[in-house]
Amino acid sequence: MNNFGTRELDVVVIGAGQAGLSAAYHLRRSGLEPDRDFVVLDHAPRPGGAWQFRWPSLTYGKVHGMHSLPGMELTGADGSRPSSEVIGAYFEAYERRFDLRVHRPVEVKAVRDDEGGSGAVPKPGSDAAPEAGRRGGRLLVESSEGTYATRALINATGTWDRPFWPLYPGQETFRGRQLHTAGYPGPAEFAGLRVVVVGGGASGTQHLMEIAEVAAGTYWVTRRPPVFREGPFGEDQGRAAVAMVEERVRQGLPPQSVVSVTGLPLNDAVRRAREAGVLDRLPMFERITPDGVAWADGRTVEADVILWATGFRAAVDHLAPLKLREPGGGIRVEDTRAVRDERVHLVGYGPSASTIGANRAGRAAVRSVDRLLSGVPA
Ligand SMILES: Cc1cc2nc3c(=O)[nH]c(=O)nc-3n(C[C@H](O)[C@H](O)[C@H](O)COP(=O)(O)OP(=O)(O)OC[C@H]3O[C@@H](n4cnc5c(N)ncnc54)[C@H](O)[C@@H]3O)c2cc1C
């Protein structure tokens, strides 16, 4: 990796997961050339986006509803292989086929407004958040290989880098092991142990079903009673779930995961686990003790491990200097455009945080960037 000082480009894409690669594909189709007009930067060591870090027992066969990237189908994959390998190899072939030239590992540390640069829109008090629609001038993308001065940014950094750990009283006193889905190594390490799994989403149920096979005991704790969904997930339900998250983002609230509002699919494995009592759920505990967890009514459970399957938040800390957040804590986005800065597009964020959503957002962001670069009003 060579450090080049500052380079000017039309577009920088941060992140080479599903959303970033979809954007890069559409940038190429719109006539832009990698390394001349745009770059894709990713801090992970290999192709695959967040999939490369998912636990080995999450085989490709266990992944539901993975959509291929635009322009190249993923076909004939062996369902018994880890999804990290299958999708990693697919993304690698995709990057090669479309010559996307992803720069990796390159960390983006911060994105700032080039206020001193030519064409920057003057702002009334430099510390104040922009009211709406900053548009002109360049953005400075500070990365581990140097600074890019870009006219548009497509942020596709996903959520994997920001695991969410809720805080409970007594957490620091626990003598056992605590870990998050982001560090889940597969079930083998939990053989013979008593494990509390916290979280009512798909990851929590998958962890439980695996760990219950080898552990001395498992306990499932969720804030709300889980909702199991019979039959396939219809298009109407999908649209309704996406619309709900979209509305939150429009209001400037932190997005909820689309998957969290779709319910848990009731497949054969889940049915068997429910019959065996593995998915009998307990309400949220009140506090953590040195030996386990305790409820307000005096009940306690002794545990060796607490596994937090409590989800992720958008990994957008590097955008903080742009002050895009609303008082509600989220970034207001319309289509894929940040309302406070029209040069910034967020893909794979909120309503587009699924493989199909990421594909569509990549295309929509490139359309919007094309308009911005040619000076057409948004
Ligand atoms: C366990 C699990 C299972 C899932 N299963 C499904 C499923 O079956 N079907 C489905 O549709 N969706 C599924 N999802 C959701 C799905 O993974 C995502 O919606 C989609 O793949 C995310 O793509 P992305 O490009 O937005 O993010 P990611 O794949 O996370 O890519 C983001 C990229 O940005 C890079 N990056 C982040 N920060 C920086 C930075 N500061 N500088 C440089 N690079 C950076 C990362 O290295 C990463 O490569 C699942 C999610 C999880 C957690």
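Further up the page is the structure itself.
Bear in mind the structure is a predicted one, so any value in this text is a computation, not a measurement. One numbering rule holds for all chains: residues counted from 1, following each sequence as written. Local features are withheld for residues below a pLDDT of 70 in this predicted model, meaning they are given only at 70 or higher, and side-chain atom pairs are given and counted only at 80 or more; totals for whole chains, interfaces and linings count all residues. Processing note: side-chain calculations cover all non-hydrogen atoms of the structure and skip hydrogens and water entirely.

A. The sheet that holds strand 14 (residues 300-302), seen in detail. The criterion for strand pairing is that DSSP finds at least two bridges linking the strands in question. Secondary structure elements follow DSSP: runs of H or I no shorter than four residues count as helices, runs of E no shorter than two count as strands, and numbering proceeds from the N terminus. Strand order in the open sheet formed by three strands is 12-13-14, and the pairing between neighbours is antiparallel. A single partner strand is all that each edge strand has here, and the edge strands are strand 12 (287-289) and strand 14. Sheet twist, expressed as the mean angle between neighbouring strand axes with direction ignored, is 20 degrees. Pairing analysis gives three bridges linking strand 13 (residues 292-294) to strand 14, with the strands arranged antiparallel. When the sheet's bridge partners are listed, Ala294 is paired in strand 14 with Thr300. Helix axes are fitted only over the stretch in contact, all axes being lines through C-alpha atoms; the angle between N-to-C directions runs from 0 to 180 degrees.

B. Representation of the packing of aromatic side chains. Here a Phe, Tyr or Trp ring, Trp counted by its six-membered ring, pairs with any other such ring whose centre lies within 6.5 Å, and the pair is stacked when the planes are under 30 degrees apart, edge-to-face when over 60, and tilted otherwise. This model, assessed by the stated rule, comprises twelve aromatic pairs. For the ring pair Trp55 and Tyr184, a centre distance of 5.4 Å and an interplane angle of 80 degrees mean the geometry is edge-to-face. Placement of the pair is Trp55 in the loop between strand 2 (38-41) and helix 2 (83-97) and Tyr184 in the loop between strand 6 (177-180) and strand 7 (194-198), with a sequence separation of 129 residues. Neither residue differs from the other here; Trp55 and Tyr184 are each classed as buried. With 5.3 Å between their ring centres and 65 degrees between their planes, Tyr168 and Phe285 make a pair best called edge-to-face. A residue pair is termed long-range when its members are at least 10 positions apart, and Tyr168 in the loop between strand 5 (146-155) and strand 6 and Phe285 in the loop between strand 11 (281-283) and strand 12 qualify at 117 residues. Each member of the pair, Tyr168 together with Phe285, is buried. Feature note: the residues Tyr25, Tyr90, Phe91, Tyr94 and Phe98 constitute an aromatic cluster, connected by ring pairs. Three exposure classes are used, based on accessible area relative to the maximum for each residue type with a 1.4 Å probe and protein chains only: buried under 20%, partly exposed in between, and exposed over 50%.

C. How the structure looks around a positive patch on the surface. For patches, a residue must show more than 30% relative accessible area and have no salt bridge; joins then use 9 Å for like charges and 5 Å for nonpolar side chains, namely Val, Leu, Ile, Met, Phe, Trp and Tyr. Using the Shrake-Rupley algorithm and a 1.4 Å probe, accessible areas are obtained, with residue cover drawn only from the displayed protein chains. Note on definitions: salt bridges are taken to be side-chain nitrogens of Lys or Arg within 4 Å of carboxyl oxygens of Asp or Glu. Only four residue types enter the charge count, namely Lys and Arg as positive and Asp and Glu as negative; His and the chain termini do not. Where a charge lies is defined by one atom per residue type: Lys uses NZ, Arg uses CZ, Asp uses CG and Glu uses CD. Together, Arg360, Arg363, Arg367 and Arg371 give the surface a local cluster of positive charge. When you line up the elements, Arg371 lands in helix 6 (residues 355-373). According to the relative accessible area criterion, Arg371 is partly exposed, its value standing at 33%.

D. Molecular detail of the packing of helix 1 (residues 18-29) against helix 6. The geometry of helix 1 relative to helix 6 is characterised by a closest axis approach of 8 Å and an angle of 35 degrees between their N-to-C directions. You can see that helix 1 and helix 6 cross each other, and the crossing is right-handed. Along its contact with helix 1, which presents Gln18, Ala19, Ser22, Ala23, His26 and Leu27, the element helix 6 presents Thr355, Ala358, Asn359, Gly362, Arg363 and Val366. Under the grouping applied here, Gly and all other residues not named as nonpolar or charged are polar, the nonpolar ones being Ala, Val, Leu, Ile, Met, Phe, Trp, Tyr, Cys and Pro and the charged ones Asp, Glu, Lys and Arg. Here the residues of the contact of helix 1 with helix 6 are counted per class, giving five nonpolar, six polar and one charged. By definition, turning the near helix anticlockwise from the far helix through less than a right angle yields a left-handed crossing, and turning it clockwise yields a right-handed one. When checking whether two residues touch, look at their non-hydrogen atoms; a contact exists if any pair is within 4.5 Å.

E. Quick peek at the site of the ligand. Around the ligand sit 30 residues, and of these Ala19, Asp42, His64, Val108 and Thr355 come closest. Counting of polar contacts relies on pairs of N or O atoms within 3.5 Å, with two restrictions inside protein: one atom must be capable of donating a hydrogen and the other of accepting it, and residues adjacent in sequence are counted only when both atoms are side-chain atoms. The contact in question runs from an oxygen atom of the ligand to an N or O atom on the backbone of Gln18, over 3.0 Å. Between the ligand and Thr355, the relevant distance is 2.7 Å, taken from an oxygen atom to a side-chain nitrogen or oxygen of the residue. Look at the ligand: alone it shows 1,000 Å² of surface, and the protein chains cover 88% of it. A per-class count over the shell around the ligand returns twelve nonpolar, 14 polar and four charged. Near is defined per residue: the residue qualifies when any heavy atom it owns lies within 4 Å of the molecule or strand.

F. Representation of the pattern of salt bridges in the model. Scanning all chains against the criterion turns up 24 salt bridges. Two residues, Asp268 and Arg271, come together in a salt bridge whose shortest N-O distance is 3.2 Å. Note that Asp268 and Arg271 are positioned in helix 5 (residues 268-275) at a spacing of three residues, about one turn of the helix. One network of salt bridges, with partners in common, ties together Arg28, Glu33, Asp35, Asp99 and Arg101.

G. Looking closely at the side chain of Thr336. Here Thr336 is to be found in the loop between strand 16 (333-334) and strand 17 (337-338). Overall, Thr336 belongs to the buried group, its relative accessible area being 5%. Apart from residues lying up to four places away in sequence, Thr336 is in contact with Val344, His345, Leu346, Val347, Ala361, Ala364 and Ala365.

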